[in-house]
Protein chains: 2
Amino acid sequence: MVKITDVARHAGVSPSTVSYALSGKRPISQETRQRVEASIRELGYRPHAGARALASSRSNVLALVIPLRTGIHVPVVMQFAMSVATTARRHDHDVLLLTQEEGEEGLRRVVDSALVDAMIVMDVQLDDPRLPLLRSLDRPSVLIGFPAEADGLTCIDLDFKAAGELCVERLAGLGHRVVALVGSPPEVYVRRTAFAQRVVQGFTAAAHRNGLISCVHPCEPAPAAAAAVAEQLLREQPALTGVVVHNEPLLEPLVDAFEQLGLRVPGDLSVTAICPDELAESVRVPVTSVALPAAELGSRSVELLMKKLGGKTVPGATLLAPRLTERASTAPRNAP
Amino acid sequence: MVKITDVARHAGVSPSTVSYALSGKRPISQETRQRVEASIRELGYRPHAGARALASSRSNVLALVIPLRTGIHVPVVMQFAMSVATTARRHDHDVLLLTQEEGEEGLRRVVDSALVDAMIVMDVQLDDPRLPLLRSLDRPSVLIGFPAEADGLTCIDLDFKAAGELCVERLAGLGHRVVALVGSPPEVYVRRTAFAQRVVQGFTAAAHRNGLISCVHPCEPAPAAAAAVAEQLLREQPALTGVVVHNEPLLEPLVDAFEQLGLRVPGDLSVTAICPDELAESVRVPVTSVALPAAELGSRSVELLMKKLGGKTVPGATLLAPRLTERASTAPRNAP
DNA sequence: GTGAAAGCGCTAACAA
DNA sequence: TTGTTAGCGCTTTCAC
């Protein structure tokens, strides 16, 4: 194994100079730096991660806590993880995979053993049991999602309120006057996460602002429920021409259900959704949607963490602006 | 931070005794061990990972190289990764996430810097560029999939040949006499991975053994191709009553296509597939299938790696026996 | 701008 | 069965 003393000898400098040349923590003359760099390359030197961590109390590793719960859209998690890994590498860090299952104990373990410098926690719940721990730990963390009480924490997520608004604005802009939100399952609104309520707020506010008639239907995520919801919606609001879907498993069956009730999408009914792009694209009638920006969430999380590790302060809350992609499921309202 | 000397003082023993009590690498008297354990608990001691790695040249971290390529079924990768992480923890190891993108350089980096002790490489190609490196590295690795030349490597995968056979045996057992394999896209057979060919071998051998009439159709993965294939199959083999599908994106559209050609599944046509269970279950007519045992592959990989790290020798090739799950898409052949 | 040297916290000889 | 101690390879004061 090549070590720093080997490089130092080869370059005719002291080990500390090699170290400083690598870290840039003190000025090195142009000439010395080049000799050192040449020696490093020539000898194929790679600093020993453990030794470095021991001496510097920095491991250059981030923990990423990944959810296992059902109801999570797997490709989104994957995309997020990949983005975190890629971005971390750009900042000279690696990523340690932690399962949700390991819980608070797992977080404490990797922090106390100095395995990681910081952590990213996905799938944060309203009353997440890990919150007190994360607050008390002396290592920085970033949460994906917003708990009920976010004081002293750094959180990031899609701006779901703005996403709900954006969907409605788009429908209103196309001339639709009666719109409905098919939302997440009822239990989501009660416990767990806040994003579902935020969508409702945005949807309702924007409908109001635009003078639309609107209604909200929380809905079980079972595809079987789709036909019932579609039928109920049309019964209650025969003039309905715009629908916002915030319920992944329901999207495809719902579009089918409307068509089977004799409504063309987008001819008679325009549909927008808040869901992963790939889902929106995979429906038979590709759906105009606000994307869940998994990759951006990933890279932004890492960047927040890097700032915190660098001693900078960062905003406690970061909301990503929604981005709507036009697809085949929306059209101007038919002339009456 | 609590360190080993703190624990030693508190327990009235030497640091080495604490270390040995933790590692079990030399006998400790019952009484001493209990005092040490009590002190550890009381002080909340956690060994410093870096210090440990430095002194023992073992990081207790495994690298997991995850593919990014399209055409990979994401939930399977995720399931595999989770299984690796969970199993690794049972062996007191952690998992470092590496993207395919990092390539050989990434593998070399984490090994040379002693960040990881061993690695698991997913999505291995027939002529994978990483093979020479993996062979030359002095750290053990396990590959998921079989390259063309596996000498000196440890590989594990589903036994795709047996999977092909199993599907045919099942159809034959139900009385079907004319069967077809709808396989992976042509290019898969040419380059990349070996599993597609293995399925064909198993399929053909079993058909032969059972005296069945059989044919093989490699097929583009585009759903649009489904109708064409279905139509062609029925034209060439009007007596066809059994189909094996080894092509994830085609499964659902193919079943649809057959039904639109007037064939009931399983009334007129029995369908089996080799694909992730969740895909098989999600089709309108749930499909009898041989599962891709992602979780088992994950845990078995880790166990192989642990054996290798322990100095034991392991088989170069491990083939997991296929497991067929009966679902709604298969039935006895209609009386003629 | 550079060097010398004292640790970082742990493991594993070696010694008893 | 237990203790003493010399490193593991690096970073970072302190000194020049």
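Rules behind the numbers
- Residues numbered from 1 in each chain as written.
- Chains lettered and ligands numbered in written order.
- Predicted model: local features only at pLDDT ≥ 70, side-chain atom pairs only at ≥ 80, totals over all residues.
- Heavy atoms only, no water.
- Domains from an automatic or database assignment.
- Contact = heavy atoms within 4.5 Å.
- Buried area = accessible area lost by both parts, 1.4 Å probe.
- Salt bridge = Lys/Arg side-chain N within 4 Å of Asp/Glu carboxyl O.
- Helix = DSSP H or I, 4+ residues; strand = E, 2+ residues; numbered from the N terminus.
- Nonpolar A, V, L, I, M, F, W, Y, C, P; charged D, E, K, R; others polar.
- Phe/Tyr/Trp six-rings, centres within 6.5 Å; stacked < 30°, edge-to-face > 60°.
- Buried < 20%, exposed > 50% of the residue type's maximum accessible area, 1.4 Å probe, protein only.
- Pairing = 2+ DSSP bridges.
- Axes fitted to C-alpha atoms, helices over the stretch in contact; angles between N-to-C directions.
- Near = heavy atom within 4 Å.
- Polar contact = N/O pair within 3.5 Å; in protein donor to acceptor, adjacent residues only side chain to side chain.
- Core = buried A, V, L, I, M, F, W, Y, C linked by side-chain atoms within 4.5 Å.
- Least-squares fit on C-alpha atoms with pLDDT ≥ 70 in both.
- Left-handed = near helix turned anticlockwise from the far one by under 90°.
- UniProt positions renumbered as here; feature names shortened; annotations may be inferred.

Brief notes about the domain arrangement of chain A
Residue and element names in this part refer to chain A. You can read the domains of chain A as domain 1 (4–56), domain 2 (61–158 + 294–320) and domain 3 (160–291). Contacts between the two partners involve 10 residues from domain 2 and, on the opposite side, 13 residues from domain 3. Summing the contributions of domain 2 and of domain 3, the shared interface buries around 960 Å²; its carbon and sulfur component is 57%. Broken down residue by residue, the surface that domain 2 buries against domain 3 is led by His-73, Leu-126 and Leu-158, which jointly contribute 53%. Run the count over domain 2 and domain 3 and you get 0 salt bridges. Elements represented by at least two residues in the side of domain 2 that touches domain 3 include exactly α5 (74–90) and β5 (155–158). Grouping the amino acids of the side of domain 2 that touches domain 3 by side-chain chemistry returns 6 nonpolar, 2 polar and 2 charged.

Structural notes on the packing of aromatic side chains
Residues and elements named next belong to chain A. Taken as a whole and judged by the stated rule, the model has 2 aromatic pairs over all chains. Relative to Phe-195, the ring of Phe-160 has its centre 5.1 Å away and its plane inclined at 40 degrees; by these criteria the two rings are tilted. One end of the pair, Phe-160, is in helix α8 (residues 160–173); the other, Phe-195, is in helix α10 (residues 195–209), and 35 residues separate them in sequence. By relative accessible area, which is 8% here, Phe-160 ends up buried.

Topic: the pattern of salt bridges
For the coordinates displayed, the defined rule picks out 45 salt bridges over all chains. The shortest N-O distance in the salt bridge between Glu-281 of chain A and Arg-327 of chain A comes to 3.4 Å. Linking Glu-281 of chain A in helix α13 (residues 277–282) with Arg-327 of chain A in the segment after β12 (324–325), this pair joins segments that are 46 residues apart in sequence. Arg-327 of chain A sits in the buried class, given a relative accessible area of 14%. Of the charged contacts in the structure, one is a salt bridge between Lys-161 of chain B and Glu-165 of chain B, with a shortest N-O distance of 3.8 Å. Residue Lys-161 of chain B and its partner Glu-165 of chain B are both found in helix α8 (residues 160–173); the two are separated by 4 residues, about one turn of the helix. Connected through salt bridges with shared partners, the residues Glu-102 and Arg-109 of chain A together with Arg-89, Asp-92 and Asp-94 of chain B form a single ionic network.

Here we look at the sheet that holds strand β2 (residues 94–99) of chain A
Spatial ordering of the open sheet is given by β11(A)-β5(A)-β4(A)-β3(A)-β1(A)-β2(A)-β2(B)-β1(B)-β3(B)-β4(B)-β5(B)-β11(B), a layout of 12 strands whose pairing is mixed. This sheet does not close on itself; its edge strands, each paired only once, are β11 (317–320) of chain A together with β11 (317–320) of chain B. Taking each pair of neighbouring strands and ignoring which way they run, the sheet shows an average axis angle of 25 degrees. Relative to β5 of chain A, strand β4 (residues 141–144) of chain A is paired through 2 bridges, and the arrangement is parallel. Residue pairing in the sheet places Leu-143 of chain A in a bridge with Cys-155 of chain A of β5 of chain A. Those strands touched by α5 of chain A are β1 (61–66), β2, β3 (118–121) and β4 of chain A together with β1 (61–66) and β2 (94–99) of chain B, and its axis lies near 175 degrees from that of β1 of chain A.

A few points about the protein's contact with DNA strand D
What surrounds DNA strand D is a group of 27 residues, the closest being Ile-4, Tyr-20 and Tyr-45 of chain A together with Arg-26 and Thr-32 of chain B. Separating a phosphate oxygen of DNA strand D from a side-chain N or O atom of Ser-19 of chain A is a distance of 2.9 Å. Counting residues per element, the ones that place at least two in the surface near DNA strand D are α2 (15–23) and α4 (49–56) of chain A together with α2 (15–23) and α4 (49–56) of chain B. Grouping the constituent residues of the surface near DNA strand D by class yields 12 nonpolar, 10 polar and 5 charged.

Side note on the protein's contact with DNA strand C
Around DNA strand C there are 27 residues in total, and Arg-26, Pro-27 and Thr-32 of chain A together with Ile-4 and Tyr-45 of chain B lie nearest to it. The contact in question runs from a phosphate oxygen of DNA strand C to an N or O atom on the side chain of Thr-17 of chain A, over 2.7 Å. Here a phosphate oxygen of DNA strand C and a side-chain polar atom of Tyr-45 of chain B are 2.5 Å apart. Of all the elements in the fold, those that place two or more residues in the surface near DNA strand C are α2 and α4 of chain A together with α2 and α4 of chain B. Broken down by element, the surface near DNA strand C gets its largest block of residues, 4 residues, from α4 of chain B.

Observations regarding the nonpolar core
Leu-64 and Phe-80 of chain A together with Leu-64 and Phe-80 of chain B are the most contacted members of the largest nonpolar core, which has 58 residues in total. Not counting residues up to four positions away in its chain, the partners in contact with Phe-80 of chain A are Leu-64, Ile-120, Met-122, Ile-144, Ala-294, Leu-297, Gly-298 and Ser-301 of chain A.

What to know about the relation of the copies chain A and chain B
Mapping chain A onto chain B leaves a residual RMSD of 0.1 Å; the transformation is a rotation of 180 degrees accompanied by 0.0 Å of translation along its axis. Given the turn and translation reported, the copies of this chain are related as if by a two-fold rotation axis. When the interface residues of chain A are mapped onto chain B, 100% of them again fall at the interface, so both copies present the same face.

Here we look at the side chain of Ser-301 of chain A
As for its position among the elements, Ser-301 of chain A is in helix α14 (residues 294–309). Apart from residues no more than four positions distant in its own chain, Ser-301 of chain A is found in contact with Phe-80, Ile-120, Val-142, Ile-144 and Ile-156 of chain A.

Focus: helix α12 (residues 248–260) of chain B
Residue and element names in this part refer to chain B. What α12 keeps buried is the set Leu-250, Leu-251, Pro-253, Leu-254, Val-255, Ala-257, Phe-258 and Glu-259. Next to the buried residues of α12 lie β6 (178–182), α11 (225–236), β8 (242–245), β9 (270–274) and α13 (277–282). Of the residues trailing α12, Gly-262 is marked for its positive phi of about 95 degrees.

Side note on the environment of Val-229 of chain B
Residue and element names in this part refer to chain B. Relative to the helices and strands, Val-229 is located in helix α11. Placed 56 residues apart in sequence, Val-229 and Gly-173 show a C-alpha to C-alpha distance of 25 Å. Contact partners of Val-229, with chain neighbours within four places excluded, come to Val-182, Cys-219 and Leu-254.

Thoughts on the sheet that holds β9 of chain B
Residue and element names in this part refer to chain B. Strand order across the open sheet formed by 6 strands is β7-β6-β8-β9-β10-β12, with mixed pairing between neighbours. The sheet terminates laterally at β7 (213–217) and β12 (324–325), the two strands that pair on one side only. Here strand β10 (residues 288–290) runs beside β12; their pairing, made up of 2 bridges, is antiparallel. The residue bridging Val-290 from the neighbouring strand is Leu-324, located in β12. On the sheet, helix α10 (residues 195–209) packs against β6, β7, β8 and β9 and is oriented at approximately 165 degrees with respect to β7.

Focus: the packing of α8 of chain A against α10 of chain A
All names here are of chain A. Contact geometry for α8 and α10: axes closest at 7 Å, N-to-C directions at 35 degrees. You can see that α8 and α10 cross each other, and the crossing is right-handed. Within the contact between the two elements, α8 uses Phe-160, Lys-161, Gly-164, Glu-165, Val-168 and Glu-169 and α10 uses Phe-195, Arg-198, Val-199, Gln-201, Gly-202, Phe-203, Ala-205, Ala-206, Ala-207 and Arg-209. For the contact of α8 with α10, a count of residues per class yields 8 nonpolar, 3 polar and 5 charged.

With respect to the UniProt feature "domain: HTH lacI-type" (unreviewed entry) in chain A
Sites flagged by UniProt as "domain: HTH lacI-type" (unreviewed entry) map to residues 2–56 of chain A. Taken end to end, residues 2–56 of chain A comprises 71% helix and 0% strand; its first and last C-alpha atoms sit 20 Å apart.

Some points on the interface of chain A and chain B
Between chain A and chain B, the residue contacts involve 38 residues of the former and 38 residues of the latter. Of the roughly 3,200 Å² buried where chain A meets chain B, counting both sides, 68% is carbon and sulfur surface. One can count 8 salt bridges joining chain A with chain B. In this structure, Arg-89 of chain A and Glu-102 of chain B form a salt bridge, with 3.5 Å as the shortest nitrogen-oxygen distance. The tally of links from chain A across to chain B stands at 12 residue pairs in polar contact (both at pLDDT 80 or more). Of all the secondary structure elements, the ones that give two or more residues to the side of chain A that touches chain B are α4, β1, α5, β2 and α6 (103–112) of chain A. By residue number, the principal contributor to the side of chain A that touches chain B is α5 of chain A, which donates 9 residues. Of the residues that constitute the side of chain A that touches chain B, the class distribution is 24 nonpolar, 5 polar and 9 charged. Both β2 of chain A and β2 of chain B contribute to a ladder of 3 bridges, which runs antiparallel.

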